[in-house]
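Structural description and commentary
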Amino acid sequence: MARRLFCELSPITYRISVHRMILSRKLRDLFSPTVFARRHPEEVLPAVVYRHNSLIRRKLGNVDLHLQENKAVSLGIAAPLVNSVVIRPGETFSFWKLVGSCTEAKGYREGLVINHGRADSGIGGGLCQFTNLLHWMVLHSELTVVEHHHHGDLDLFPDFNRQIPFGSGTSIIYNYLDYRVRNDTDQAFQFLVSTNDEYLCGELRAEHVPDVKFHIREEDAYFYESGNKVYRHNRVMRLTRDKRTGLVTSKQQIIENNALVVYDRSLINAPVLPAPVPSVPMEDDRVAPAPA
């Protein structure tokens, strides 16, 4: 039998481990030279870089619908804490630095969380949808992602009106699993975030429109069997296009997913291949060079 970790011994040791991780992150930040974005000016930066709306209530297998309603409440509490924040050149955006801990006293409710590879509930659950939205907008910009935690090892729910490629989301836990973005450009960026009855709405703005445009797409997407289990494979790619010439100047693989499907295979709306497809080397990707 494998030796259990300290955090697995009991609920008490788990809480001790969590508090140790939280304290460790606070101490690292205290002695770090990182400058965190804090300003929430009333002015809105003029140029729209990217905008996206994320449906709040989605069909996620047989997850209790009241967790979706609770998530809507929690998102409504967190959105104003991030809304209008400006990330100036050299500054780093930290989700948890702005939102803080999610507690019942602040009005947060129990929502969906992923616990040891299965759906569970916890206070503030569902806020990963918030960082998913932020990350999707950032991928369409020149901002630099400096902390991102991926939870694509498992395909937990069948697709329902999917708008973005599988496996391009984020995982967050206060405060030691954060979502952080650094501004290495020469202009300021700004997040605008709000909620309405249906959507979490986001805009990424800047001082001026960038010279390049980014396209995120999915490639090599399929399901396959291995050892009596079904897996989901895809690659999430980012293409950079020069607005002046219209040419693609670079192509970058953001992530490659091989996720275990944990729901019934009858809910998969695609063929299941008998084996994985051999990968095509990235060197074979053709990208048109930008003119001198």
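In what follows, the accompanying structure is described. Only a predicted model underlies this, so the values are computations on that prediction, with no experimental measurement involved. (Residues numbered from 1 in each chain as written. Predicted model: local features only at pLDDT ≥ 70, side-chain atom pairs only at ≥ 80, totals over all residues. Heavy atoms only, no water.)

Take helix α4 (residues 128–138) next. For an α-helix, the turn length of 3.6 residues means that residues three or four places apart are oriented alike. The buried fraction of α4 amounts to 10 of the 11 residues, a majority that puts the element mostly inside the structure. Those residues of α4 that sit buried are Q129, F130, T131, N132, L133, L134, H135, W136, M137 and V138. (Buried < 20%, exposed > 50% of the residue type's maximum accessible area, 1.4 Å probe, protein only. Helix = DSSP H or I, 4+ residues; strand = E, 2+ residues; numbered from the N terminus.)

Here we take up the pattern of salt bridges. Under the definition given, this model contains 19 salt bridges. The salt bridge partner of R180 is D178, with a shortest N-O separation of 2.8 Å. Taken as a pair, R180 and D178 share a single burial class, namely buried. The salt bridge partner of E203 is R205, with a shortest N-O separation of 2.7 Å. This pair shows no difference in class: E203 is buried, exactly as R205 is. (Salt bridge = Lys/Arg side-chain N within 4 Å of Asp/Glu carboxyl O.)

The next point concerns the packing of aromatic side chains. By convention here, two paired aromatic rings are described through the distance between centres and the angle between planes. Following the criterion strictly, the structure yields 6 aromatic pairs and no others. With a centroid separation of 5.2 Å and an interplanar angle of 70 degrees, the aromatic rings of F95 and F130 are classed as edge-to-face. You can see F95 sitting in helix α3 (residues 95–99) and its partner F130 sitting in helix α4, a full 35 residues away along the chain. Across the pair, F130 and F95 agree in class, each one buried. With a centroid separation of 5.9 Å and 50 degrees between ring planes, the pair formed by Y222 and Y224 is classed as tilted. Grouping aromatic residues by their ring pairs yields a cluster made of F95, W96, F130 and Y174. The ring of F36 has K97 sitting right over it, with the charged end atom 4.9 Å from the ring centre. Across from the ring centre of F214, 4.3 Å away, lies the NZ or CZ of R238, which sits over that ring. (Phe/Tyr/Trp six-rings, centres within 6.5 Å; stacked < 30°, edge-to-face > 60°. Lys NZ or Arg CZ within 6 Å of the ring centre and 35° of its normal.)

Here the focus is the nonpolar core. By size, the foremost hydrophobic cluster in this structure holds 33 residues, and its most contacted members are V82, F93, F95, F130, L134, F191 and V193. Those elements that provide at least two residues to this core are α2 (65–82), α3, α4, β9 (189–195) and β10 (199–206). (Core = buried A, V, L, I, M, F, W, Y, C linked by side-chain atoms within 4.5 Å.)

What follows covers unusual backbone geometry. Of note, the amide linkage connecting Y174 to N175 takes the cis form, showing an omega dihedral of -20 degrees. If you trace the backbone, N175 turns up in the loop between β7 (154–155) and β8 (180–182). The residue D220 is not glycine, and still its phi comes out positive at about 50 degrees. Topologically, D220 is positioned in strand β11 (residues 212–226). Among the residues examined, D220 registers a relative accessible area of 32% and is labelled partly exposed.

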